[in-house]
Amino acid sequence: MPVKPLSAKSLHSLCERIDYARHGEIHSLVPLSPTSIEIRFSVQDKARGFDWIDVLFVIDGVNDARLVSDNALKLISLEEGITIEIDNTKAALAIGDYRGRTEDAPLYIHGATIGYMECEFGEN
């Protein structure tokens, strides 16, 4: 299944549906290339009666990032959820509530575009 591009309009709808990944888990963080990173979250989906699903985000054109090791990944809290911002010049994803200041987050990825794919919960 291909990754769907996110726009500012579709982003709001998706984030509302998954409650900005609040109280979810970071499943994995995988650099696909020097300018492409994939991050996968396990979240509850309001549209499916709060069933758990995995949502995979792919950020392309990465030009700045603060990443953590695999060991530290499981220790990062999603109590505040995630921040995703899209405008004409960039796409940003950050762990926590960092609207307008994603570079202050403990984990962030800045790139040119961001897309997503819904996956079965726990699917590899």
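All of the points below concern the structure found in this document.

1. Some points on the packing of aromatic side chains
1) Next: Taken as a whole and judged by the stated rule, the model has two aromatic pairs.
2) Next: An angle of 70° between the planes, with centres 6.0 Å apart, marks the rings of F41 and F57 as edge-to-face. Linking F41 in strand β3 (residues 36-45) with F57 in strand β4 (residues 51-60), this pair joins segments that are 16 residues apart in sequence. Here F41 matches F57 in class, with each residue buried.

2. Considering the sheet that holds strand β5 (residues 64-66)
1) Next: The antiparallel open sheet is built from four strands, whose spatial order is β5-β8-β7-β6. Here the strands that pair on one side only, and so sit at the sheet edges, are β5 and β6 (82-86). The mean angle between the axes of side-by-side strands here comes to 5°, regardless of whether they run parallel or antiparallel.
2) Next: Pairing geometry for strand β7 (residues 91-95) and strand β8 (residues 108-111), over four bridges, is antiparallel. Paired with L93 across the strands is I109, a residue of β8.

3. Examining the nonpolar core
1) Next: Counting 29 residues, the largest nonpolar core has I39, F41 and F57 as the members making the most contacts within it.
2) Next: Every element with two or more residues in this core is listed here: α1 (8-17), β2 (25-33), β3, β4, β6, β7 and β9 (113-120).
3) Next: Not counting residues within four places of it along the chain, the set of residues in contact with F41 comprises E25, I26, H27, I53, D54, V55, F57, L78, I82, L93 and I95.

Rules and cut-offs
- Residues numbered from 1 in each chain as written.
- Predicted model: local features only at pLDDT ≥ 70, side-chain atom pairs only at ≥ 80, totals over all residues.
- Heavy atoms only, no water.
- Phe/Tyr/Trp six-rings, centres within 6.5 Å; stacked < 30°, edge-to-face > 60°.
- Helix = DSSP H or I, 4+ residues; strand = E, 2+ residues; numbered from the N terminus.
- Buried < 20%, exposed > 50% of the residue type's maximum accessible area, 1.4 Å probe, protein only.
- Pairing = 2+ DSSP bridges.
- Axes fitted to C-alpha atoms, helices over the stretch in contact; angles between N-to-C directions.
- Core = buried A, V, L, I, M, F, W, Y, C linked by side-chain atoms within 4.5 Å.
- Contact = heavy atoms within 4.5 Å.

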